[in-house]
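# Working through the structure, step by step
Each chain, letter by letter, is given below.
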Amino acid sequence: QVQLVESGGGLVQAGGSLRLSCAASGRTFSNYAMGWFRQAPGKEREFVSAVSYSGSITYYADSVKGRFTISREYAKNTMYLQMNSLKPEDTAVYYCAATRTYNYYTVKDYDYWGQGTQVTVSS
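Residues numbered from 1 in each chain as written. Predicted model: local features only at pLDDT ≥ 70, side-chain atom pairs only at ≥ 80, totals over all residues. Heavy atoms only, no water.

## Points about the overall build of the protein
How we decide: For the purposes of this entry, the term helix denotes a DSSP run of H or I that reaches at least four residues, the term strand denotes a run of E that reaches at least two, and both are numbered from the N terminus. For the radius of gyration, the atoms used are the C-alpha atoms, and the globule rule reads 2.2 Å times the number of residues raised to 0.38. Relative accessibility thresholds used throughout: buried, under 20% of the residue-type maximum; exposed, over 50%; partly exposed, between the two (1.4 Å probe, protein chains only). Throughout, a residue-residue contact means that at least one pair of heavy atoms, one from each residue, lies within 4.5 Å. Computed with a 1.4 Å probe, the accessible areas rest on the Shrake-Rupley method; for each residue, only the protein chains presented here act as cover. The charge count includes Lys and Arg as positive and Asp and Glu as negative, but it does not include His or the ends of the chains. All charge positions are set by atom: Lys at NZ, Arg at CZ, Asp at CG, Glu at CD.
The helix and strand tally for the protein stands at zero helices and 11 strands. The order of α-helices and β-strands along the protein, N terminus first, is β-β-β-β-β-β-β-β-β-β-β. Relative to the 2.2 N^0.38 estimate, which gives 14 Å for 123 residues, the radius of gyration of the protein is 13 Å and therefore close to what a compact globule would have. C-alpha extents for the protein along the principal axes are approximately 40 × 30 × 25 Å. Counting every position in the protein, which comprises 123 residues, the buried fraction comes to 44%. Of all intrachain contacts in the protein linking residues separated by at least 6 positions in sequence, the fraction that spans at least 24 positions is 57%. For the protein, the exposed area adds up to about 6200 Å²; of that, 48% sits on carbon and sulfur atoms. Distance between charge centres in the protein, computed from 12 positive and 9 negative side chains, equals 4 Å.

## Comments concerning the packing of aromatic side chains
Keep this limit in mind: Any pair of Phe, Tyr and Trp rings, taking the six-membered ring for Trp, is counted once the centres come within 6.5 Å. Such a pair is stacked with planes under 30 degrees apart, edge-to-face with planes over 60 apart, and tilted for the rest.
On inspection of all chains with the given rule, the structure shows 11 aromatic pairs. Taking the centre distance of 5.1 Å and the plane angle of 40° together, the rings of Y53 and Y102 count as tilted. Separated by 49 residues along the polypeptide, Y53 in the loop between strand 5 (46–51) and strand 6 (58–60) and Y102 in the loop between strand 9 (92–99) and strand 10 (112–113) bring together distant segments of the chain. A relative accessible area of 16% means that Y53 is categorised as buried. Given the relative accessible area of 67%, Y102 is considered exposed. Put simply, the rings of F37, F47, Y59, Y95, Y104, Y105, Y110 and W113 touch in pairs and so form one group of aromatic residues.

## A closer look at the nonpolar core
The test is simple: Only buried residues count toward a nonpolar core. Its members are Ala, Val, Leu, Ile, Met, Phe, Trp, Tyr and Cys residues joined through side-chain atoms within 4.5 Å.
M34, W36, M79, L81, M83 and Y94 are the most contacted members of the largest nonpolar core, which totals 36 residues. Broken down by secondary-structure element, the contributors of at least two residues to this core are strand 3 (18–25), strand 4 (33–39), strand 5, strand 7 (68–73), strand 8 (78–83), strand 9 and strand 11 (117–122). Sequence-distant contacts of Y94, that is, excluding residues within four places in its chain, are made with E6, L20, W36, F37, R38, V48, F68, L81, M83, G116, T117 and V119.

## Topic: the pattern of salt bridges
The test is simple: The salt bridge definition used is simple: a Lys or Arg side-chain nitrogen within 4 Å of an Asp or Glu carboxyl oxygen.
Under the criterion given, the structure shown has five salt bridges. Between D90 and R38 there is a salt bridge, with its nearest N and O atoms 2.9 Å apart. One end of the pair, D90, is in the loop between strand 8 and strand 9; the other, R38, is in strand 4, with 52 residues separating them in the sequence. The same class applies to D90 as to R38, namely buried. D109 serves as the salt-bridge partner of K108, at 3.5 Å between the closest nitrogen and oxygen.

Here it is, written out as structure tokens:
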């Protein structure tokens, strides 16, 4: 079992920044690739970003590319999502997730999920 806890969400104005954190516990952090998803009201959960097992390869949805940066810190068993130039359409609950697969883009490929953290971007 892996336990994931997100933090860092909040209310920010358009153009602002937030950094989300995802603290992992339970199993060896490096045994999992990690991802961020988000879900806006009335919409399906969608892929935002992922980072490989080694941390050397990152993946982004087109909608956040160039604005968001994913990273992971093994010493702290923590993954981050630095979000810059935020837009109102980024408003959603953000979830971190862990996977033992090499498929990073869909919900069904992830085994463990956090409880989510709300990000609200005002215009």
